[in-house]
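Geometric and topological summary
If you want the building blocks of each chain, they are given just below.
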Amino acid sequence: MKPFLYIAIFTLFTSFFPYANAQVVTYPLPDPAISGGRPLMDVISERHSSRTFSSNPIDDQTLSEVLYAAYGVSHDQGKRTIPMAKGQNTMNIYVFRNDGVWLYNPLQQNLSQVSPNDMRSIFNTQDYVYNVPVQLLYTGPNNSYSLMEAGSAYQNVGLYAASRGLNNIVRAYFDKKQAAQILNINEDEVIISQAIGWPQWQD
Ligand SMILES: Cc1cc2nc3c(=O)[nH]c(=O)nc-3n(C[C@H](O)[C@H](O)[C@H](O)COP(=O)(O)O)c2cc1C
């Protein structure tokens, strides 16, 4: 094939798929500690929502364990930490932090960047969540079981939070339209959010 033909095909391809060559930024997470923690019946009894948060960041180890509790791969057979209908993994979890918006990849236990911008303002519909360091956003097709998966996941996170001394609250009241625009999905795929942070006395 003549060189100009290569160039023409390349130009055509990259103009139709402008991100074909873009490097996806990934953020590795440390291995989660998959044993230990406080006794199960204690954390079941202590799970609660909080409406006061420190703005102190969540360290990578803790975030890794939050996400593992929510949706991680728990053993060799590819089982998740929550039950999955028909073994389908239809839900996604996005992490909104001051360094951007990230998609959690359970198989790799890492994050891939969706946006480098701090978009946490979409959650600022109630003043107690301003500056919460991590906002999780659960998404999935609305004709799937992802709603139930999100419920299992946020409960696991609530139990992990009780064990780890973190604050959390599940929230439906945020700007779903803007969330959908940021993630390039339909608004009805935006399920629920969960704010995660340290208690305020840690400031
Ligand atoms: C699906 C769902 C949506 C919720 N949305 C909000 C919300 O938008 N804002 C809020 O302040 N709390 C929200 N909550 C938290 C509840 O108000 C809270 O769980 C309830 O007050 C019970 O408190 P507890 O979790 O400490 O037992 C939500 C909880 C659930 C399960």
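1. Things to note about the overall build of the protein chain
Within the protein chain one finds five helices and seven strands. Each helix and strand of the protein chain, placed in order from N terminus to C terminus, yields the pattern α-β-α-α-β-β-β-β-α-β-α-β. Counting the 203 residues in the protein chain, one finds 33% classified as buried. Considering only residue pairs separated by 6 or more positions, the protein chain has 71% of its internal contacts joining residues 24 or more positions apart.

2. A word on the pairing of strand β6 (residues 167-171)
One face of the sheet, then the other: side chains in a regular strand alternate in exactly this way. Among the five residues in β6, four count as buried, and that is most of the element. Judged from the five bridges that link them, β6 and strand β7 (residues 190-197) form a sheet pairing that is antiparallel. Following the sheet pairing, Ile-169 is matched in β7 by Ala-195.

3. Some thoughts on the site of the ligand
Every residue near the ligand is listed here: His-48, Ser-49, Gln-126, Ile-169, Val-170, Arg-171, Ala-172, Tyr-173 and Ile-192. The element contributing the most residues to the shell around the ligand is β6, with three residues. Taken together, the residues that form the shell around the ligand break down as five nonpolar, three polar and one charged.

4. With respect to unusual backbone geometry
At Gln-109, a residue that is not glycine, the phi angle is positive and equals roughly 50°. Along the chain, Gln-109 falls in the loop between β3 (100-105) and β4 (110-115). Despite not being glycine, Asn-184 has its phi angle at roughly 60°, a positive value. Take Asn-184: it is sitting in the loop between α5 (176-183) and β7.

5. Side note on the confidence of the model for the protein chain
Model confidence for the protein chain is summarised by a mean pLDDT of 90, while 88% of its residues fall at 70 or above. In this model, residues 10-19 is a region of pLDDT below 50 whose contacts with residues beyond four sequence positions or in other chains number three contacts.

6. What to know about the sheet that holds strand β5 (residues 134-139)
The sheet built from seven strands is open, its strands ordered β1-β4-β3-β2-β5-β7-β6 with antiparallel pairing. Only two strands of the sheet have a single neighbouring strand rather than two, namely β1 (26-28) and β6. Strand after strand, the sheet turns through a mean of 25° between neighbouring axes, direction not considered. One ladder, built from four bridges, connects strand β2 (residues 92-97) with β3; its direction is antiparallel. Residue Val-95 lies in a different strand from β3, and its bridge partner there is Trp-102. Against the sheet, helix α4 (residues 146-164) makes contact with β2, β5, β6 and β7, and its axis sits at roughly 5° relative to β7, the strand it touches most. Against the sheet, α5 makes contact with β2, β3, β4, β5 and β7, and its axis sits at roughly 95° relative to β7, the strand it touches most.

Conventions used here
Residues numbered from 1 in each chain as written. Predicted model: local features only at pLDDT ≥ 70, side-chain atom pairs only at ≥ 80, totals over all residues. Helix = DSSP H or I, 4+ residues; strand = E, 2+ residues; numbered from the N terminus. Buried ≥ 20, exposed ≤ 12 C-beta atoms within 10 Å, placed from the backbone. Contact = placed C-beta atoms within 7 Å. Pairing = 2+ DSSP bridges. Near = placed C-beta within 6 Å. Nonpolar A, V, L, I, M, F, W, Y, C, P; charged D, E, K, R; others polar. pLDDT = per-residue confidence, 0-100. Axes fitted to C-alpha atoms, helices over the stretch in contact; angles between N-to-C directions.

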